[in-house]
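Below are the chains, spelled out letter by letter.
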Amino acid sequence: MTVTQPQGFEAAGIAAGIKRSGALDLALVVNRGPAQEAAVVFTSNRAQANPIIWSKQVAADGIVSAIVLNSGGANCFTGPEGFQVTHRTAEAVASGLGIAAGDVLVCSTGLIGDQLDGEVLEEGVVSAIARLATDGGDDAARAIMTTDTTPKQVVVEGDGWSIGGIAKGAGMLAPGLATMLVVLTTDAALPAGALDLALRSATRVTFDRLDSDGCMSTNDQVSLLASGASGVTPDLAEFTAALTEACRSLALQLQADAEGASHDIAIEVVGAVTEDDAVEVGRSVARNNLFKAAIFGNDPNWGRVLAAIGTTSAPFDPYLVDVSMNGVRVCHAGRPDAPRDQVDLTPRATHVLIELHAGEASATIFTNDLTHDYVHENSAYAS
């Protein structure tokens, strides 16, 4: 269940010595072809790390032969020296594999402002190349972990083709994309343009709907590489549906491993005028600390839901809104309904249904509660 499930891919994960802990910290995924088609989406944060700046140039022509990722340092706001480290890392991959550096994506994750050691990365790349294998995906998934407690991986099988994926992310999970690095692979035979359409469609309703703590990373990147090794060209709609399934699985794995969280909350908004309105309403609740603190305390405080959605520009009448929590309607038409003590919020899975009664559109936003452990974990950072 990983990135090497599709034909044509090898991967490795090694301990290069970037992390003081000695844990795995450098991953390499290589597309052996016959095709090297790709599509990539990046963070919309204007403060962008050096690997993002580099990878945008690489992805522009839709051709990618390999992707190298490190944990233990974000290589963001590290000046010209930091960009040279990114370039140097790509060159090391290219030299070792006999490919062009301009076809090598680079990703980094970790603390902003720490300079990475280019020599350590170069040596790590050499070691990773030596360990490339068709069963190396699990090590690669572990090598990109930071505050993650478990690797995130997925495989979706198509008709004669497949999609594999790995992801990391436990904090700074917010839309655009949601910190988060994702590598998706497929042996389907599709051109870069089709991959781009499918990837943007998939991320729009998965990673972009994950809003754990409202904080947007400088390093977010979702990369899709296609080897064409299956020789099968699936219908684009069929492929997009499978890719969306893979992205949704990874997004929910990210949510389940969010830093310090004790509840995984799905905020479903129905009856909106437009889908964008539904997203705006759901996100207003997902980012409301009073609501998130209430869920942590197992308190079905629906008033905080109404207070949050009232700050949006979405068209609806607040006095017609219904709110249900874990299947119990606690607010009907802007008034109290079932007693709060009928709501059981002790399970980790929490479902909030907001019925706007303004239209036919809907959307679901995924978030977490605000806990003591989240505050403690983010009061210090160790790699």
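Residues numbered from 1 in each chain as written. Predicted model: local features only at pLDDT ≥ 70, side-chain atom pairs only at ≥ 80, totals over all residues. Heavy atoms only, no water.

Caption draft 1: Local environment of the overall build of the protein. The helix and strand inventory of the protein stands at 10 helices and 15 strands. The C-alpha radius of gyration computed for the protein amounts to 21 Å, which stays within 12% of the reference 21 Å derived for 383 residues, consistent with globular compactness. Projected onto the principal axes, the alpha-carbon positions of the protein cover approximately 65 × 45 × 30 Å. Counting the 383 residues in the protein, one finds 57% classified as buried. Total accessible area on the protein is roughly 14500 Å²; 51% of this is exposed by carbon and sulfur atoms. (Helix = DSSP H or I, 4+ residues; strand = E, 2+ residues; numbered from the N terminus. Rg over C-alpha atoms; globule rule 2.2 N^0.38 Å. Buried < 20%, exposed > 50% of the residue type's maximum accessible area, 1.4 Å probe, protein only. Areas by Shrake-Rupley, 256 points an atom, 1.4 Å probe, with all protein chains shown as cover.)

Caption draft 2: Quick peek at the sheet that holds strand S4 (residues 66-71). Spatial ordering of the open sheet is given by S1-S2-S4-S5, a layout of four strands whose pairing is mixed. Both outer strands of the open sheet, strand S1 (9-14) and strand S5 (104-109), are each paired with one neighbouring strand and no more. On average, adjacent strands in this sheet sit at an angle of 10 degrees to one another, irrespective of strand direction. Here helix H3 (residues 118-130) sits on the sheet and contacts S1, strand S2 (26-31) and S4; the angle it forms with S2, its principal contact strand, is near 50 degrees. (Pairing = 2+ DSSP bridges. Axes fitted to C-alpha atoms, helices over the stretch in contact; angles between N-to-C directions. Contact = heavy atoms within 4.5 Å.)

Caption draft 3: Up close: the environment of Ala333. Counting through the fold element by element, Ala333 comes out in the loop between strand S12 (328-332) and strand S13 (335-336). The spacing of Ala333 and Asp322 is 11 residues in sequence and 5.5 Å in space, taken between C-alpha atoms. Setting aside residues up to four positions removed in sequence, Ala333 forms contacts with Tyr319, Leu320, Val321 and Asp322.

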